[in-house]
Amino acid sequence: MVNILKLPNLVQDLVFNEMELNEILLLSFCSKRVQKSIKQQFRIEPNKGFCIICSKKDHSISHYQDIDEKRLELMVDPRWDDKKVINWKYVDRLDSFDQKVQILKEFNFLNDLNVKKMFDIELKSGLIFEINGLRSKYSVSFDPESGVPTLYFEKNMMKKWPMELHKYCVDLFRTTTDLEMTMNLDDSSDLHESQTIKNLYLHDSCERLDARIADEFFEKANIQNSLCSIDQHLEGFVSDDSKIWDIPNVLIYSVGWVHTRQLIRFTGKNAYFLTLEYPDNNTTQDMNAFLKHWLNSDNTNLEKMVVRSVCRSTEGLFDGIETSRWDPKRRPARYVSDET
(Lines give C-alpha, C1' and ligand atoms only; values in the text may rest on other atoms or scores of the structure.)
Protein backbone atom coordinates (compact mmCIF):
# COMPACT_ATOMS: atom_id res chain seq x y z
CA MET A 1 0.00 0.00 0.00
CA VAL A 2 1.34 3.41 -0.98
CA ASN A 3 1.72 5.98 1.83
CA ILE A 4 -0.05 8.93 0.25
CA LEU A 5 1.48 11.37 2.71
CA LYS A 6 4.98 10.61 1.34
CA LEU A 7 3.98 11.54 -2.20
CA PRO A 8 4.81 15.02 -3.58
CA ASN A 9 1.99 17.57 -3.33
CA LEU A 10 1.41 17.52 -7.08
CA VAL A 11 1.01 13.75 -7.07
CA GLN A 12 -1.32 13.94 -4.05
CA ASP A 13 -3.42 16.47 -5.95
CA LEU A 14 -3.66 14.13 -8.96
CA VAL A 15 -4.63 11.22 -6.73
CA PHE A 16 -7.38 13.16 -4.95
CA ASN A 17 -8.83 14.38 -8.24
CA GLU A 18 -9.13 10.79 -9.46
CA MET A 19 -11.05 9.73 -6.35
CA GLU A 20 -14.80 9.87 -5.73
CA LEU A 21 -15.98 12.26 -3.03
CA ASN A 22 -17.12 9.43 -0.80
CA GLU A 23 -13.64 7.89 -1.06
CA ILE A 24 -11.97 11.16 -0.07
CA LEU A 25 -14.33 11.54 2.88
CA LEU A 26 -13.55 8.03 4.13
CA LEU A 27 -9.82 8.61 3.60
CA SER A 28 -10.01 11.74 5.75
CA PHE A 29 -11.11 9.62 8.70
CA CYS A 30 -7.79 7.74 8.72
CA SER A 31 -5.81 10.40 10.58
CA LYS A 32 -5.52 14.12 11.21
CA ARG A 33 -2.46 14.24 8.94
CA VAL A 34 -4.45 12.78 6.04
CA GLN A 35 -7.28 15.19 6.78
CA LYS A 36 -4.85 18.13 6.71
CA SER A 37 -3.40 16.95 3.38
CA ILE A 38 -6.88 16.77 1.82
CA LYS A 39 -7.69 20.29 3.01
CA GLN A 40 -4.49 21.57 1.42
CA GLN A 41 -4.71 19.71 -1.87
CA PHE A 42 -8.40 19.26 -2.69
CA ARG A 43 -11.36 21.56 -3.05
CA ILE A 44 -14.84 21.20 -4.53
CA GLU A 45 -15.60 23.58 -7.38
CA PRO A 46 -18.19 24.58 -8.30
CA ASN A 47 -20.38 23.97 -5.29
CA LYS A 48 -23.60 25.56 -4.10
CA GLY A 49 -23.83 23.84 -0.78
CA PHE A 50 -24.77 20.52 0.74
CA CYS A 51 -28.09 18.73 0.79
CA ILE A 52 -29.24 16.63 3.73
CA ILE A 53 -32.25 14.41 3.11
CA CYS A 54 -34.00 13.08 6.20
CA SER A 55 -36.39 10.55 4.78
CA LYS A 56 -38.93 8.01 5.93
CA LYS A 57 -40.09 4.92 4.12
CA ASP A 58 -42.91 5.45 1.61
CA HIS A 59 -42.56 9.24 1.71
CA SER A 60 -41.94 10.82 -1.66
CA ILE A 61 -39.64 13.81 -2.04
CA SER A 62 -40.70 17.22 -3.30
CA HIS A 63 -37.31 18.49 -4.30
CA TYR A 64 -36.75 20.62 -7.37
CA GLN A 65 -33.33 21.63 -8.57
CA ASP A 66 -31.57 22.55 -11.80
CA ILE A 67 -29.80 19.65 -13.48
CA ASP A 68 -26.60 21.70 -13.77
CA GLU A 69 -26.33 22.35 -10.03
CA LYS A 70 -23.66 20.31 -8.31
CA ARG A 71 -25.03 19.55 -4.87
CA LEU A 72 -23.69 16.95 -2.53
CA GLU A 73 -26.11 14.76 -0.67
CA LEU A 74 -24.78 13.69 2.68
CA MET A 75 -27.90 11.71 3.52
CA VAL A 76 -30.00 10.28 0.77
CA ASP A 77 -32.43 7.67 -0.36
CA PRO A 78 -31.02 6.70 -3.76
CA ARG A 79 -31.54 9.31 -6.45
CA TRP A 80 -30.11 9.60 -9.88
CA ASP A 81 -28.94 13.17 -10.44
CA ASP A 82 -26.61 14.10 -7.57
CA LYS A 83 -23.21 13.03 -6.35
CA LYS A 84 -23.56 10.85 -3.27
CA VAL A 85 -21.04 11.34 -0.49
CA ILE A 86 -22.43 9.19 2.30
CA ASN A 87 -25.71 7.61 3.36
CA TRP A 88 -26.93 6.81 6.80
CA LYS A 89 -29.91 5.04 8.30
CA TYR A 90 -31.30 4.56 11.79
CA VAL A 91 -32.30 1.34 13.52
CA ASP A 92 -33.89 0.63 16.89
CA ARG A 93 -30.96 -1.48 18.11
CA LEU A 94 -27.74 -2.20 16.30
CA ASP A 95 -27.26 -5.59 17.99
CA SER A 96 -30.57 -7.03 16.78
CA PHE A 97 -30.14 -5.39 13.39
CA ASP A 98 -26.69 -6.95 12.84
CA GLN A 99 -27.94 -10.38 13.90
CA LYS A 100 -30.87 -10.19 11.51
CA VAL A 101 -28.63 -9.36 8.57
CA GLN A 102 -26.15 -12.09 9.47
CA ILE A 103 -28.96 -14.66 9.40
CA LEU A 104 -30.12 -13.47 6.01
CA LYS A 105 -26.61 -13.83 4.64
CA GLU A 106 -26.76 -17.59 5.23
CA PHE A 107 -29.34 -18.00 2.46
CA ASN A 108 -27.61 -17.73 -0.89
CA PHE A 109 -30.86 -17.83 -2.84
CA LEU A 110 -31.71 -14.37 -1.52
CA ASN A 111 -29.12 -12.92 -3.85
CA ASP A 112 -31.30 -13.95 -6.78
CA LEU A 113 -34.20 -11.98 -5.26
CA ASN A 114 -32.24 -8.70 -5.19
CA VAL A 115 -32.41 -8.62 -1.41
CA LYS A 116 -29.40 -6.31 -1.45
CA LYS A 117 -31.90 -3.53 -2.16
CA MET A 118 -33.38 -4.10 1.28
CA PHE A 119 -30.32 -5.32 3.16
CA ASP A 120 -26.71 -4.53 2.37
CA ILE A 121 -25.08 -7.96 2.33
CA GLU A 122 -21.51 -6.96 3.23
CA LEU A 123 -22.29 -5.43 6.62
CA LYS A 124 -19.41 -4.50 8.92
CA SER A 125 -20.63 -4.34 12.51
CA GLY A 126 -19.36 -3.43 15.96
CA LEU A 127 -17.42 -0.32 14.85
CA ILE A 128 -16.90 2.98 16.64
CA PHE A 129 -17.31 6.25 14.76
CA GLU A 130 -15.96 9.56 16.05
CA ILE A 131 -16.29 13.02 14.55
CA ASN A 132 -16.01 16.48 16.10
CA GLY A 133 -15.78 14.84 19.52
CA LEU A 134 -19.00 12.85 18.98
CA ARG A 135 -18.46 9.13 19.49
CA SER A 136 -20.91 6.32 18.75
CA LYS A 137 -21.19 2.66 17.82
CA TYR A 138 -22.26 1.99 14.25
CA SER A 139 -22.36 -0.52 11.41
CA VAL A 140 -21.36 0.16 7.83
CA SER A 141 -22.00 -1.31 4.41
CA PHE A 142 -21.02 -0.31 0.89
CA ASP A 143 -23.17 -0.08 -2.19
CA PRO A 144 -21.90 -2.80 -4.56
CA GLU A 145 -22.22 -0.54 -7.61
CA SER A 146 -21.24 2.97 -6.47
CA GLY A 147 -19.13 2.13 -3.42
CA VAL A 148 -20.97 4.81 -1.42
CA PRO A 149 -20.97 3.86 2.28
CA THR A 150 -24.10 3.59 4.39
CA LEU A 151 -23.70 4.07 8.13
CA TYR A 152 -26.23 2.56 10.53
CA PHE A 153 -26.79 4.35 13.86
CA GLU A 154 -29.26 3.84 16.65
CA LYS A 155 -32.15 6.29 16.57
CA ASN A 156 -31.01 8.22 19.61
CA MET A 157 -28.23 9.65 17.44
CA MET A 158 -30.46 11.05 14.72
CA LYS A 159 -30.49 14.54 16.22
CA LYS A 160 -26.72 14.88 16.14
CA TRP A 161 -25.06 13.12 13.24
CA PRO A 162 -26.42 15.02 10.20
CA MET A 163 -25.32 18.43 11.41
CA GLU A 164 -21.98 17.27 12.79
CA LEU A 165 -21.12 15.54 9.52
CA HIS A 166 -22.18 18.65 7.61
CA LYS A 167 -19.82 20.82 9.69
CA TYR A 168 -17.03 18.32 9.13
CA CYS A 169 -17.47 18.23 5.35
CA VAL A 170 -17.67 22.03 5.04
CA ASP A 171 -14.33 22.24 6.80
CA LEU A 172 -12.77 19.31 4.91
CA PHE A 173 -13.79 20.36 1.40
CA ARG A 174 -13.39 24.11 2.12
CA THR A 175 -16.76 24.91 0.63
CA THR A 176 -19.81 27.05 1.34
CA THR A 177 -21.81 26.44 4.49
CA ASP A 178 -25.08 26.69 2.55
CA LEU A 179 -27.36 23.84 3.53
CA GLU A 180 -30.47 22.38 1.93
CA MET A 181 -32.69 19.97 3.80
CA THR A 182 -35.54 17.71 2.76
CA MET A 183 -37.31 16.42 5.83
CA ASN A 184 -40.53 15.53 7.58
CA LEU A 185 -42.30 18.35 9.36
CA ASP A 186 -43.52 16.06 12.13
CA ASP A 187 -40.02 15.01 13.11
CA SER A 188 -38.33 18.14 14.41
CA SER A 189 -35.84 15.88 16.17
CA ASP A 190 -33.88 16.01 12.91
CA LEU A 191 -32.79 19.43 14.20
CA HIS A 192 -31.12 19.22 17.58
CA GLU A 193 -30.62 22.96 17.96
CA SER A 194 -31.34 26.26 16.24
CA GLN A 195 -30.34 25.50 12.66
CA THR A 196 -29.72 27.79 9.69
CA ILE A 197 -31.02 26.26 6.45
CA LYS A 198 -30.83 27.94 3.06
CA ASN A 199 -33.62 25.97 1.37
CA LEU A 200 -36.12 23.63 3.05
CA TYR A 201 -38.28 21.07 1.25
CA LEU A 202 -40.93 19.21 3.23
CA HIS A 203 -41.79 15.61 2.43
CA ASP A 204 -45.23 14.81 1.12
CA SER A 205 -47.50 13.23 3.72
CA CYS A 206 -51.09 12.02 3.77
CA GLU A 207 -51.29 12.83 7.47
CA ARG A 208 -52.63 16.22 8.60
CA LEU A 209 -50.61 17.78 11.38
CA ASP A 210 -51.51 20.26 14.07
CA ALA A 211 -50.50 23.75 12.91
CA ARG A 212 -48.69 24.23 16.22
CA ILE A 213 -46.12 21.67 15.06
CA ALA A 214 -45.25 23.97 12.15
CA ASP A 215 -45.00 27.01 14.43
CA GLU A 216 -42.69 25.15 16.82
CA PHE A 217 -40.55 23.87 13.98
CA PHE A 218 -39.97 27.31 12.43
CA GLU A 219 -39.03 28.69 15.82
CA LYS A 220 -36.09 26.30 15.65
CA ALA A 221 -35.25 26.48 11.94
CA ASN A 222 -33.92 29.69 10.41
CA ILE A 223 -34.82 29.50 6.69
CA GLN A 224 -32.67 31.94 4.73
CA ASN A 225 -34.01 31.60 1.19
CA SER A 226 -36.93 29.29 0.45
CA LEU A 227 -39.59 26.96 1.85
CA CYS A 228 -41.46 24.44 -0.29
CA SER A 229 -44.40 22.33 0.85
CA ILE A 230 -46.38 20.53 -1.87
CA ASP A 231 -48.45 18.02 0.06
CA GLN A 232 -48.03 18.37 3.81
CA HIS A 233 -51.45 19.46 5.06
CA LEU A 234 -52.18 21.12 8.40
CA GLU A 235 -55.20 21.14 10.67
CA GLY A 236 -55.71 24.87 10.99
CA PHE A 237 -53.39 27.74 10.08
CA VAL A 238 -49.97 28.80 11.24
CA SER A 239 -49.98 31.65 13.75
CA ASP A 240 -49.85 35.32 12.81
CA ASP A 241 -46.44 35.43 14.48
CA SER A 242 -45.02 32.46 12.59
CA LYS A 243 -41.57 32.91 11.12
CA ILE A 244 -42.68 31.62 7.72
CA TRP A 245 -43.93 35.13 6.94
CA ASP A 246 -40.32 36.36 6.90
CA ILE A 247 -38.93 33.70 4.54
CA PRO A 248 -37.95 35.38 1.24
CA ASN A 249 -39.45 32.74 -1.08
CA VAL A 250 -42.38 30.52 -0.08
CA LEU A 251 -44.29 27.89 -2.05
CA ILE A 252 -47.11 26.29 -0.08
CA TYR A 253 -49.36 24.10 -2.19
CA SER A 254 -50.90 22.37 0.79
CA VAL A 255 -54.23 22.57 2.61
CA GLY A 256 -54.19 24.59 5.81
CA TRP A 257 -51.15 26.70 6.56
CA VAL A 258 -52.43 30.10 5.37
CA HIS A 259 -55.71 32.03 5.59
CA THR A 260 -56.35 34.95 3.22
CA ARG A 261 -56.58 37.35 6.16
CA GLN A 262 -52.95 36.49 6.96
CA LEU A 263 -51.52 37.51 3.59
CA ILE A 264 -50.66 40.95 4.94
CA ARG A 265 -48.22 39.20 7.28
CA PHE A 266 -45.89 38.17 4.46
CA THR A 267 -42.75 40.33 4.31
CA GLY A 268 -40.76 38.23 1.82
CA LYS A 269 -40.11 38.51 -1.88
CA ASN A 270 -42.07 35.80 -3.73
CA ALA A 271 -44.93 33.60 -2.55
CA TYR A 272 -47.39 31.01 -3.78
CA PHE A 273 -50.15 30.23 -1.30
CA LEU A 274 -53.08 27.82 -1.35
CA THR A 275 -55.31 29.54 1.16
CA LEU A 276 -58.62 27.71 1.60
CA GLU A 277 -60.13 24.33 0.87
CA TYR A 278 -63.74 25.54 0.64
CA PRO A 279 -65.45 28.83 -0.31
CA ASP A 280 -65.30 31.51 2.38
CA ASN A 281 -67.60 34.53 2.41
CA ASN A 282 -64.71 36.72 3.58
CA THR A 283 -62.15 35.69 0.95
CA THR A 284 -62.82 38.65 -1.38
CA GLN A 285 -62.82 41.07 1.55
CA ASP A 286 -59.53 39.65 2.85
CA MET A 287 -57.95 39.91 -0.59
CA ASN A 288 -59.09 43.51 -0.89
CA ALA A 289 -57.51 44.26 2.48
CA PHE A 290 -54.25 42.67 1.35
CA LEU A 291 -54.13 44.74 -1.86
CA LYS A 292 -54.70 47.96 0.09
CA HIS A 293 -52.06 46.98 2.62
CA TRP A 294 -49.53 46.22 -0.13
CA LEU A 295 -50.20 49.49 -1.94
CA ASN A 296 -50.03 51.64 1.18
CA SER A 297 -47.35 49.96 3.28
CA ASP A 298 -43.60 50.48 3.18
CA ASN A 299 -42.97 46.86 2.21
CA THR A 300 -40.79 47.19 -0.90
CA ASN A 301 -39.59 43.57 -0.81
CA LEU A 302 -42.64 41.94 -2.34
CA GLU A 303 -42.25 41.24 -6.05
CA LYS A 304 -44.77 38.53 -6.75
CA MET A 305 -47.57 36.73 -4.92
CA VAL A 306 -49.83 34.07 -6.37
CA VAL A 307 -52.82 33.09 -4.26
CA ARG A 308 -54.98 30.12 -5.15
CA SER A 309 -58.28 30.26 -3.34
CA VAL A 310 -62.03 29.82 -3.76
CA CYS A 311 -64.44 32.71 -3.34
CA ARG A 312 -68.16 33.03 -4.04
CA SER A 313 -67.76 36.30 -5.92
CA THR A 314 -65.02 38.74 -6.93
CA GLU A 315 -67.38 41.68 -6.58
CA GLY A 316 -65.77 44.27 -4.33
CA LEU A 317 -62.25 42.92 -4.87
CA PHE A 318 -60.97 46.35 -5.96
CA ASP A 319 -63.19 48.53 -3.79
CA GLY A 320 -61.28 51.63 -2.72
CA ILE A 321 -58.40 50.87 -5.11
CA GLU A 322 -57.71 53.07 -8.11
CA THR A 323 -57.46 50.95 -11.26
CA SER A 324 -56.78 51.68 -14.92
CA ARG A 325 -56.59 49.78 -18.18
CA TRP A 326 -53.29 48.01 -18.75
CA ASP A 327 -50.83 50.07 -20.77
CA PRO A 328 -48.07 48.00 -22.50
CA LYS A 329 -45.92 51.15 -22.82
CA ARG A 330 -45.74 51.54 -19.04
CA ARG A 331 -45.51 47.88 -18.08
CA PRO A 332 -44.46 44.89 -20.22
CA ALA A 333 -46.84 42.03 -20.88
CA ARG A 334 -44.56 39.51 -19.19
CA TYR A 335 -43.12 39.78 -15.70
CA VAL A 336 -39.64 38.33 -15.31
CA SER A 337 -38.64 37.57 -11.73
CA ASP A 338 -35.05 37.65 -10.60
CA GLU A 339 -33.49 34.20 -10.21
CA THR A 340 -33.74 33.03 -6.60
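Residues numbered from 1 in each chain as written. Predicted model: local features only at pLDDT ≥ 70, side-chain atom pairs only at ≥ 80, totals over all residues. Heavy atoms only, no water.

In the nomenclature of an unreviewed UniProt entry, the chain is known as Sdz-33 F-box domain-containing protein of Caenorhabditis nigoni.

A. Quick look at the side chain of Ser37. Mapped onto the fold, Ser37 is located in helix α3 (residues 32–41). On the basis of relative accessible area, Ser37 is assigned to the buried category, the value being 7%. Once you skip the residues sitting within four places of it in the chain, Ser37 turns out to touch Leu5, Gln12 and Phe16. (Helix = DSSP H or I, 4+ residues; strand = E, 2+ residues; numbered from the N terminus. Buried < 20%, exposed > 50% of the residue type's maximum accessible area, 1.4 Å probe, protein only. Contact = heavy atoms within 4.5 Å.)

B. Here's a closer look at the environment of Leu274. Structurally, Leu274 is set in strand β14 (residues 270–274). The spacing of Leu274 and Gly256 is 18 residues in sequence and 7.9 Å in space, taken between C-alpha atoms. Excluding anything up to four places from it in sequence, Leu274 contacts Ile252, Tyr253, Ser254, Val255, Gly256, Val258 and Arg308.

C. Examining the packing of helix α2 (residues 21–28) against α3 more closely. For the pair α2 and α3, interaxial distance at closest approach is 8 Å and the crossing angle is 140 degrees. Taken together, the axes of α2 and α3 are oblique relative to one another. Within the contact between the two elements, α2 uses Ile24, Leu27 and Ser28 and α3 uses Val34, Gln35 and Ile38. (Axes fitted to C-alpha atoms, helices over the stretch in contact; angles between N-to-C directions. Parallel < 35°, antiparallel > 145°, perpendicular 65-115°, else oblique.)

D. Examining the packing of helix α1 (residues 9–18) against α3 more closely. Interaxial distance between α1 and α3 falls to 10 Å at its minimum, and their mutual angle equals 85 degrees. As the angle between them shows, α1 and α3 are arranged roughly perpendicular. Of the residues in α3, those touching α1 at Asn9, Gln12, Asp13 and Phe16 are Ser37, Ile38 and Gln41. In terms of residue class, the contact of α1 with α3 is made up of 2 nonpolar, 4 polar and 1 charged. (Nonpolar A, V, L, I, M, F, W, Y, C, P; charged D, E, K, R; others polar.)

E. Structural view of the packing of aromatic side chains. Enumeration according to the criterion identifies 7 aromatic pairs in this entry. Centre to centre, the rings of Phe217 and Phe218 are 5.1 Å apart; their planes meet at 85 degrees, and the pair counts as edge-to-face. Each member of the pair, Phe217 as well as Phe218, is classed as buried. Aromatic pair Phe266 and Phe273: ring centres 5.8 Å apart, planes at 85 degrees, arrangement edge-to-face. An identical accessibility class is assigned to Phe266 and Phe273; each is buried. (Phe/Tyr/Trp six-rings, centres within 6.5 Å; stacked < 30°, edge-to-face > 60°.)

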